Amino acid sequence: MPPALRRTALLCALLTCAVPLTTATAAEPLAAAPPGDTAGPSPHFGACPASVPAPPAPDRVECGTVSVPLDHARPDGERIRIAVSRVRASGTPAERRGVLLVNPGGPGGSGLPYAVTKRAKLPESVRRAYDVIGFDPRGTGHSAPADCGPMGGLFDSPAAGSAPLDPVPHDRPGERAYLDAQRRLAADCAAGTGRALPHLSTVETARDMDAVRAALGEPRISYLGVSYGTYLGAAYAAQFPYRVDKLVLDSVVGPEGWHAFDVRQARAMLRQRDVLFGWLARHDSRFGLGTTPREVRAAYLRTREGLTARPVAGFGAAAFDRAVYRALGRTERWTALGDGLRAYLDAGGVDRLRPAEPFDGPESRTYQAANRAVKCADGPAPTPGRVLADIRGLRRLGPQPVLTGLEAASCAYWHTRPTERTRLGSPAAPPALLVASAHDPVTPVAGARALGRTLPGSRLVTLHHDYSHGVFASRGNSCVDSTVAAYLVGGTVPAGDVHCDGPGLPEPSPQQP
């Protein structure tokens, strides 16, 4: 059996393999709980797919599925399966506080392994108190994954000898080409996803979460969401405020439309890139890119211009921008980026810039498809004119902006047209704990302040002197981790907002041979 078929057969055996968006059969053992129910059919937990790592003994991860309606407004209609993972609490029954659903972000990210990978970093008191529950949101991973086919050429690599292609439009022909790519992306998603397209939304995913809660027999859930996971958690609180126990929202997406968020993020990325240039200049003896930010910027632009004009083994300007976008979000990636710039300028190589996982691989394709589907289902779309006006504004801030994160631009041509934004937060929800890095460019801290106003009584924990995305049980900061653990385990809501001192910018990591 070929490896791909062997892997598919394994997943089917482990997860009863209801991956495609098809009508459920009569043999389905699970159904979503009716509204108001606090108990539902328990999922049959068993072995997990290979994508889920095993936790250290004696802990054990187990996986199953929960059946939910494709359209929760039609509970007797077509159904899909949501893949769920669980690592049980390691403490005594007296220590147990319930279940903690976790989501790593996206939209588009698989959450099935997160029950293991995030749990491993949680404070011990939290691991002892909670069954940690991961799940693949609809459209991702093993939960009816979205398929948008070629996505308007998003995954195309520049061919040798082809005309230079810059993903940042600088003139009217470039702008027309940019919008045409967004139009083709939207058409590919409509063709590939079909009638599921309007239902791959945050609102529907929040209802899936409540079906998981009911299937686990829990009257309430606690929740830890990171990045997009904060938006999902706030949407759950808006729909089911009385079913929320503890709510931790880390690296917060603000309560605004997705295109507005993407543009705000792109501005923050430009500010972060300036910080990066200064850092590389201060470490010129390590990187040799220049002793001033201006000199480093020139080296950066020479690299990008060279890759635009002459891609190396399919690695061109778009791939370079994606590498920069990824590196800007976490300072521990800056050394590798600096080394990659130096290696290209020295010898024309891109191995140190190229990501380990191919952009056109199956996981990436699912992520990108689900990302656009969710963003475009979550609220009104920008107009093509608005998209171009915002790109021009970004070019005024920096002549070569990074547009990788403008994912909702394709919503301008989406084939379904939601008229209302996703509701976030509720005054009826219990006090939440919001966590933010002061200089996070991926989810700027202003979003946390704005979302906090939709959750009265919430508190904001800010890690100052920090420039990275993802804070709790991620940055190793005892002030943040102890504050969140006390809230999750003991229900301690701080008297006011909490301010923690961060590490500042790092030293470069040791040079690799």
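Residues numbered from 1 in each chain as written. Predicted model: local features only at pLDDT ≥ 70, side-chain atom pairs only at ≥ 80, totals over all residues. Heavy atoms only, no water.

1. Comments concerning the packing of aromatic side chains
Phase 1 of the analysis: Per the counting criterion, the structure on display carries 10 aromatic pairs.
Phase 2 of the analysis: On the basis of an interplanar angle of 90 degrees and a centroid distance of 5.6 Å, the ring pair of Trp 258 and Phe 261 is categorised as edge-to-face. A residue pair is termed a helical-turn pair when its members lie 3 or 4 positions apart in one helix, as Trp 258 and Phe 261 do in helix 7 (residues 258-282) at 3 residues. When sorted by exposure, Trp 258 lands in the same class as Phe 261, which is buried.
Phase 3 of the analysis: On the basis of an interplanar angle of 65 degrees and a centroid distance of 5.2 Å, the ring pair of Phe 277 and Tyr 300 is categorised as edge-to-face. Of the two residues, Phe 277 sits in helix 7 while Tyr 300 sits in helix 9 (residues 293-309), which places them 23 residues apart along the sequence.
Phase 4 of the analysis: Residue Phe 277 is classed as buried on the basis of its relative accessible area of 1%. (Phe/Tyr/Trp six-rings, centres within 6.5 Å; stacked < 30°, edge-to-face > 60°. Helix = DSSP H or I, 4+ residues; strand = E, 2+ residues; numbered from the N terminus. Buried < 20%, exposed > 50% of the residue type's maximum accessible area, 1.4 Å probe, protein only.)

2. Notes on the sheet that holds strand 5 (residues 221-227)
Phase 1 of the analysis: What the 9 strands build is an open sheet, ordered 1-2-4-3-5-6-7-8-9; its pairing is mixed. Either end of the sheet is taken by a strand with one partner, and the two such strands are strand 1 (61-69) and strand 9 (498-501). Strand-to-strand twist across the sheet, computed as the mean angle between neighbouring axes with direction ignored, equals 20 degrees.
Phase 2 of the analysis: Contacting strand 1, strand 2 (79-87), strand 3 (98-103), strand 4 (130-135) and strand 5, helix 5 (residues 202-215) crosses the sheet at an angle of about 120 degrees to strand 1.
Phase 3 of the analysis: Packed onto the sheet, helix 14 (residues 445-452) meets strand 6 (244-252), strand 7 (433-437) and strand 8 (459-464) and runs at close to 165 degrees relative to strand 7. (Pairing = 2+ DSSP bridges. Axes fitted to C-alpha atoms, helices over the stretch in contact; angles between N-to-C directions. Contact = heavy atoms within 4.5 Å.)

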